[in-house]
Amino acid sequence: MIEERLSSKEMAGLEADYEKIANIGKLIRQREIEIEWPYHEFRDENVGGGRSSTTVFKAQRIAEAKEKDTYLQRLYRLRKIKNDLLLDMTKQQKQIYELRWCTDDYYDWRMVGELLEPPLAQAQMYRKREKILELLAKKEGILKNDNI
């Protein structure tokens, strides 16, 4: 059997997904607000001052807009993947994830390895990185998941 490996471009894309995953709640809420309150240039259509003759089903319109929004649906999918990943990660992998993507400080991979207890050498850290990225690649369907 040929072992699949991630290319450097795929790894870069997966790292970008981890950045999104770390802030997924904020991104989802921001997109939902954009859908619920779209920007419209002000225009007064009620010239006569009477009531509107049309009924607006705002909640239904918003729900349909959220279902049709592909970006929001991708964010929902990433949130589910995040929850699954955190269940599947080891304690050390969670620690690496939090140091690399969930802090306000930017730590490169070498620094993440130094901050761990016990510290990891650069080569060890990059092997751990590859395993963490493989976890996400399997959840996203980029690599074959043997646990099916």
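To be clear, the structure that these remarks concern was listed above.
Position labels on residues start from 1 in each chain and follow its written sequence. For a predicted model such as this one, the threshold for reporting local features is a pLDDT of at least 70, and the threshold for listing and counting side-chain atom pairs is 80 or more; totals across whole chains, interfaces and linings nevertheless cover every residue. Water and hydrogen atoms play no part in the side-chain values, which are based on all heavy atoms of the structure.

**Comments concerning the overall build of the chain**
Put simply, DSSP marks the helices as runs of H or I at least four residues long and the strands as runs of E at least two long, and each gets a number from the N terminus on. Of the regular secondary structure elements, the chain holds 7 helices and 0 strands. Moving toward the C terminus, one meets the helices and strands of the chain in the order α-α-α-α-α-α-α. Classification of residues uses two cut-offs on accessible area relative to the type maximum, computed with a 1.4 Å probe and protein chains only: under 20% is buried, over 50% is exposed, and between them is partly exposed. Across the 148 residues of the chain, 30% fall into the buried class. Any two residues whose heavy atoms approach within 4.5 Å at even a single point are treated as in contact. For the chain, restricting intrachain contacts to residue pairs at least 6 apart in sequence, the fraction spanning at least 24 positions comes to 69%.

**Section: the side chain of Glu36**
Relative to the assigned elements, Glu36 resides in helix α2 (residues 24–36). Among the polar contacts listed, one links the side chain of Glu36 to the side chain of Lys66, at a separation of 3.0 Å. As used in this structure description, the phrase polar contact means that two N or O atoms lie within 3.5 Å; if the pair is within protein, one of them must be able to donate a hydrogen and the other to accept it, and residues adjacent in sequence are counted only when both atoms belong to side chains.

**Quick look at the packing of α2 against helix α3 (residues 58–68)**
Relative orientation of the contacting elements α2 and α3 amounts to 130°, with a least axis distance of 10 Å. It follows that α2 is oblique to α3 by the angle criterion. Here α2 and α3 pass one another in a crossing that is right-handed. Side by side, α2 and α3 meet where Glu32, Ile35 and Glu36 of the first sit next to Lys58, Ile62, Ala65 and Lys66 of the second. Class assignment for the residues of the contact of α2 with α3 results in 3 nonpolar, no polar and 4 charged. What counts as an axis is a line fitted to C-alpha atoms, over the stretch in contact for a helix, and the angles between N-to-C directions run from 0 to 180 degrees. When an angle is under 35 degrees it counts as roughly parallel; over 145 it counts as roughly antiparallel; between 65 and 115 it counts as roughly perpendicular; any other value is oblique. Take the far helix as your reference; a near helix turned counterclockwise from it by less than a right angle gives a left-handed crossing, and one turned clockwise gives a right-handed crossing. When residue character is reported, Ala, Val, Leu, Ile, Met, Phe, Trp, Tyr, Cys and Pro are called nonpolar, Asp, Glu, Lys and Arg charged, and the others, Gly included, polar.

**Here's the deal with α2**
Its 13 residues give α2 an end-to-end C-alpha distance of 18 Å, which sits within 8% of 18 Å, the value for a rise of 1.5 Å per residue. All buried positions along α2 are accounted for by Ile24, Ile28, Glu32, Ile35 and Glu36. Buried residues in α2, looked at end-on, bunch into an arc of 95°, giving them a common side. In the core, the buried residues of α2 are packed alongside α1 (8–22), α3 and α4 (70–88). What a helix is expected to span follows from its residue count: subtract one and scale by 1.5 Å. As used here, the arc is the angular range of directions from the helix axis to the C-beta atoms.

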